[in-house]
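Single-letter residue listing:
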Amino acid sequence: MNRTAALDAVVFGVDIQSGDVRGDAPSYALVVFDGESIERDVVSRRKLRRRIEAEEPAMVATDNMYELAADKDQLVHFLGQLPDETRLVQVTGDERPEPLSRVAKRHGVPYGKKPMQEAEAAARLAAANVGQEVSAFTDTTEVKVARGRSTGKGGWSEDRYTRRIHGSVKTHAREVESALEEAGLEYDREVTEKYGGFSNAVFRVQARPQDIPVSRNRSGDTRVEIERVRRDGIEFHPLAKRRDHVVVGVDPGTTTAVAIVGLDGEVLDVYSSRTDDAAATTEWIIERGRPVVVAADVTPMPNTVEKLRRSFNAAGWTPDRDLPVDEKKHRTREEGYDNDHERDAMAAALYAYEDHEDQFDRIASKVPPQEEVGPVVARVVAGEESVEAVLSDITGEDDDEEETTDHEPRELTEEEEEIRRLESRIDRLESHVEDLKSTIQRKDDQLEEKDKQLEKARSEGRREVRKDREVTRLQRRNDALERDLEAEREKREELSDKLERLKSLWKLDHSNFADVSEKQEGLVPVKVVEQFTRSDIETADERFGLAEDDIVMFRDASGAGRSTAELLAEIDPRIVLRSGNLSDAADEVLFDHRVPVAPAELVTVQEVDELAVAREREVEAAVADWEDRAEDRKRERNAEMVDQIISEHRADRPVED
């Protein structure tokens, strides 16, 4: 019988009591088993579901999963309604279940044909880790953060309302992402961006719902939905990890090597270590199979290998002489290994298998199809029992016939002597079994301690993963800040250069400088405006200010009108330098306001960025030139006025006869 560990959690055993699952109101025999006490009840389907939801048992066990659902779709629906911590277990196997009576007898569980007795047998078997977990969902969970309410159909505040909802979804999605990051869980994220934030965010997390630090909820503007990703069909997973019977080869020493070979001669695994002790080596073997034969490549068997063989109660194998290196190389030429120690262990296991291969085949030919070959091989090879006796014990059949006789005692036959010898051996083995039970208990304690250490290591591993992710995140953030810093440095250098140029302009504006080709001359600032338009004048005034007695230069003066000229005249500049022709209306307005206007070619202007300077001498000359032209223009205007007055006076005089 397979060694299993009982669960301390609550198990529900279920069997249909009356009615049909396809009908409206089937009733169920329910057994609640917690490892010690038993509760029995007959419940309806609705009450069964309510109790499962309220009590959240570790397992719901049955001999046939379709006693809880009429078809596959209903079964998937039933599985989807189970609490996150509850598993559905079919104790009779997977797609091709065995009779419950046979499974119960194999594992020493009481069995009866009444529904309540079958429900109890199912509960006890599941509590002993017997059976297959029925699964319709993967270990991937989909967490969806979405809008908790509609964005509405209109209204004066719809945009603000929609933006608030999408912003809430985005904020909640970030909180979920932070929780997943802190838990060290792997996930993929898909978001749908909308006005103001997200309309939804979907996280595909590589974990079961109970392992995710996020719960279903609906609060105001947002809601969180959690669903496990469904499989394409129904799958079965054994409650206890299956460990097949194997042949083990061991090469002890400073470096210990172990090889595992199946009963079909295939090399399943190989391992070597310089640091692991005997307990670690034993644990590695236990995780990969149940040794039937433990072999060494030298004779006699080393003490370390002998102790390992005894701990598994397996048969031993050694060669007639130490295996030569060339033979070991030839025998393992098609297998992979990392060092000579693994090669030697593998060679020992393969030679041991070849030595027992015919025996394995004979045993397999006698085992019925419905029975497992491994347990029979183990008892025949390691326990030196006959195939018939093992099969009789497994199937529970008693082929012994009572024989009565009245004749005188006779001499025992060779077969009867063998039976007597085997009975004596059985007594010794039973004594040894007690020793093995104590060893098993000790190993269980060691395994429990290893489990605690493993959980601690996993916890530390998760912390390391979170730490690495945080370091990566901070590195990315640091890189971004360095890029921003570099950009700021470039901007600072640019502004520094500009400041130097402005300082130079300021010095030029407030001091004299020596021209290379001319004598000492004064410079005056010139304020440059692109076009003679209202918008450009206002822009220039905002950027560097336009004030009375400024020298203003227009790169293009052709667009000026009367109102634009009046706007400039209100500033009352010292002189206006123009490129291009000035309209008659603008020229008239500036002339009337005594604002000098001169072509830009008359003054040499030196520009630095947005500012410029000109020689005071040339500006004064341009102003003087305008004043001369203004006097001439004024005289011409006065002459025109006199001519007009004379003409009007002549026109008003009466004609003499």
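Residues numbered from 1 in each chain as written. Predicted model: local features only at pLDDT ≥ 70, side-chain atom pairs only at ≥ 80, totals over all residues. Heavy atoms only, no water.

Let us look at unusual backbone geometry. Residue Thr299 is joined to Pro300 through a cis peptide bond whose omega torsion reads 0 degrees. By secondary structure assignment, the location of Pro300 is in the loop between β14 (290-295) and α7 (303-312). The phi dihedral of Asn313 falls on the positive side, at around 55 degrees, and the residue is not glycine. (Helix = DSSP H or I, 4+ residues; strand = E, 2+ residues; numbered from the N terminus.)

Before going further, it helps to examine the pairing of strand β2 (residues 27-33). Extensive coverage of β2 is indicated by the burial of seven of its seven residues. Here β2 shows no split at all, with Ser27, Ala29, Val31 and Phe33 on one side and Tyr28, Leu30 and Val32 on the other all buried. Sheet analysis places strand β1 (residues 11-18) next to β2, joined by seven bridges and oriented antiparallel. Paired with Ile16 across the two strands is Tyr28, which belongs to β2. As defined by bridge partners, β2 adjoins strand β3 (residues 38-44) across seven bridges and the pair is classed as antiparallel. (Buried < 20%, exposed > 50% of the residue type's maximum accessible area, 1.4 Å probe, protein only. Pairing = 2+ DSSP bridges.)

What follows deals with a negative patch on the surface. A cluster of like negative charges, contributed by Glu53, Glu56, Asp84, Glu85 and Asp211, occupies part of the molecular surface. By secondary structure assignment, the location of Glu53 is in helix α1 (residues 45-55). Its relative accessible area of 59% is what places Glu53 among the exposed residues. (Patch = residues over 30% accessible without salt bridge, like charges linked within 9 Å, V, L, I, M, F, W, Y side chains within 5 Å. Areas by Shrake-Rupley, 256 points an atom, 1.4 Å probe, with all protein chains shown as cover. Salt bridge = Lys/Arg side-chain N within 4 Å of Asp/Glu carboxyl O. Lys, Arg positive; Asp, Glu negative; His and termini not counted. Charge placed at Lys NZ, Arg CZ, Asp CG, Glu CD.)

One open sheet holds the five strands; their spatial order is β13-β12-β11-β14-β15, and the pairing between them is mixed. If you trace the sheet from one side to the other, it starts and ends with β13 (267-273) and β15 (315-317), each paired once. Between one strand axis and the next, the sheet turns by 25 degrees as a mean value, whatever way the strands run. Pairing geometry for strand β11 (residues 245-251) and strand β12 (residues 256-262), over six bridges, is antiparallel. By the bridge assignment, Val246 is partnered in β12 with Gly262. (Axes fitted to C-alpha atoms, helices over the stretch in contact; angles between N-to-C directions.)

Turning our eyes to something else, we now look at the packing of aromatic side chains. Centre distance and the angle of the planes are the two values used to describe a pair of aromatic rings. In the structure shown here, the tally under the stated rule is five aromatic pairs. Between the aromatic rings of Tyr271 and Trp284, the centroid separation amounts to 4.7 Å while the plane-to-plane angle is 20 degrees, which identifies the pairing as stacked. With a gap of 13 residues between them, Tyr271 in strand β13 and Trp284 in helix α6 (residues 278-286) connect regions that are remote in the sequence. According to the relative accessible area criterion, Tyr271 is buried, its value standing at 11%. Summarising the aromatic geometry, the rings of Tyr353 and Phe360 are spaced 6.1 Å apart at their centres and angled 40 degrees between planes, so their arrangement reads as tilted. The exposure class assigned to Tyr353 is buried, which follows from its relative accessible area of 8%. Cation over ring: Arg633 sits above Phe591, and NZ or CZ is 4.2 Å from the ring centre. (Phe/Tyr/Trp six-rings, centres within 6.5 Å; stacked < 30°, edge-to-face > 60°. Lys NZ or Arg CZ within 6 Å of the ring centre and 35° of its normal.)

When you line up the elements, Glu616 lands in helix α16 (residues 616-652). Of note is the side chain of Glu616, whose polar atom sits 2.6 Å from the side chain of Arg574. In this structure, Glu616 is in contact with Gly522, Leu523, Val524 and Arg574, ignoring residues within four places of it in sequence. (Polar contact = N/O pair within 3.5 Å; in protein donor to acceptor, adjacent residues only side chain to side chain. Contact = heavy atoms within 4.5 Å.)

This paragraph deals with the environment of Val529. Mapped onto the secondary structure, Val529 falls in strand β18 (residues 523-531). Taking the C-alpha atoms as reference points, Val529 and Asp541, 12 residues apart in sequence, are found 9.5 Å from one another. Not counting the four nearest positions on each side in its chain, Val529 is found in contact with Asp536, Ile537, Ala540, Val552, Met553, Phe554 and Arg555.

On to the pattern of salt bridges. Tallied over the entire structure, the rule returns 34 salt bridges. Residue Glu388 pairs with Lys366 through a salt bridge whose shortest N-O separation is 3.8 Å. In this pair, Glu388 is assigned in helix α11 (residues 387-395) and Lys366 in helix α9 (residues 340-366), connecting sequence segments 22 residues apart. Judged by its relative accessible area of 45%, Lys366 is partly exposed.

We now examine α6. Regarding α6, the residues found buried are Ala280, Thr281, Thr282, Trp284, Ile285 and Ile286. Where the residues of α6 are buried, they touch β11, β12, β13, β14 and α7.

A few words on the packing of α9 against helix α10 (residues 373-381). Across the interface, α9 lies against α10 with an axial gap of 10 Å and an inter-helix angle of 125 degrees. Relative to α10, α9 is oriented oblique. Crossing of α9 over α10 shows right-handed handedness. Taken together, the residues of α10 that come into contact with α9 (itself represented by His356, Gln359, Phe360, Ile363 and Ala364) are Val373, Val376, Val377, Val380 and Val381. A breakdown of the residues in the contact of α9 with α10 according to their chemical character gives eight nonpolar, two polar and no charged. (Parallel < 35°, antiparallel > 145°, perpendicular 65-115°, else oblique. Left-handed = near helix turned anticlockwise from the far one by under 90°. Nonpolar A, V, L, I, M, F, W, Y, C, P; charged D, E, K, R; others polar.)

Before going further, it helps to examine helix α2 (residues 72-81). Since the α-helix packs 3.6 residues into each turn, any two residues three or four apart lie on the same face. Residues Leu75, Val76, Phe78 and Leu79 constitute the buried set of α2. The arc that holds the buried residues of α2, viewed along the axis, is 160 degrees, so those residues lie on one side. Residues of α2 that are buried sit in contact with α1, β5 (87-90), β6 (132-147) and β10 (222-238). Put simply, Asp71 is the residue that caps the front of α2, since its side-chain oxygen is 3.3 Å from the backbone nitrogen of Asp73. (Arc of directions from axis to C-beta.)

Judged by nonpolar contacts, the single largest core of 31 residues is most densely connected at Val247, Val261, Val293, Ile363, Val376 and Val381. At the level of secondary structure, the elements contributing two or more residues to this core comprise β12, β14, β15, α9, α10 and α11. Looking at this core element by element, the count peaks at 11 residues for α9. Every residue in contact with Val261, bar those within four places of it in the chain, is listed here: Val246, Val247, Glu266, Val267, Leu268, Ala349, Leu350 and Tyr353. (Core = buried A, V, L, I, M, F, W, Y, C linked by side-chain atoms within 4.5 Å.)

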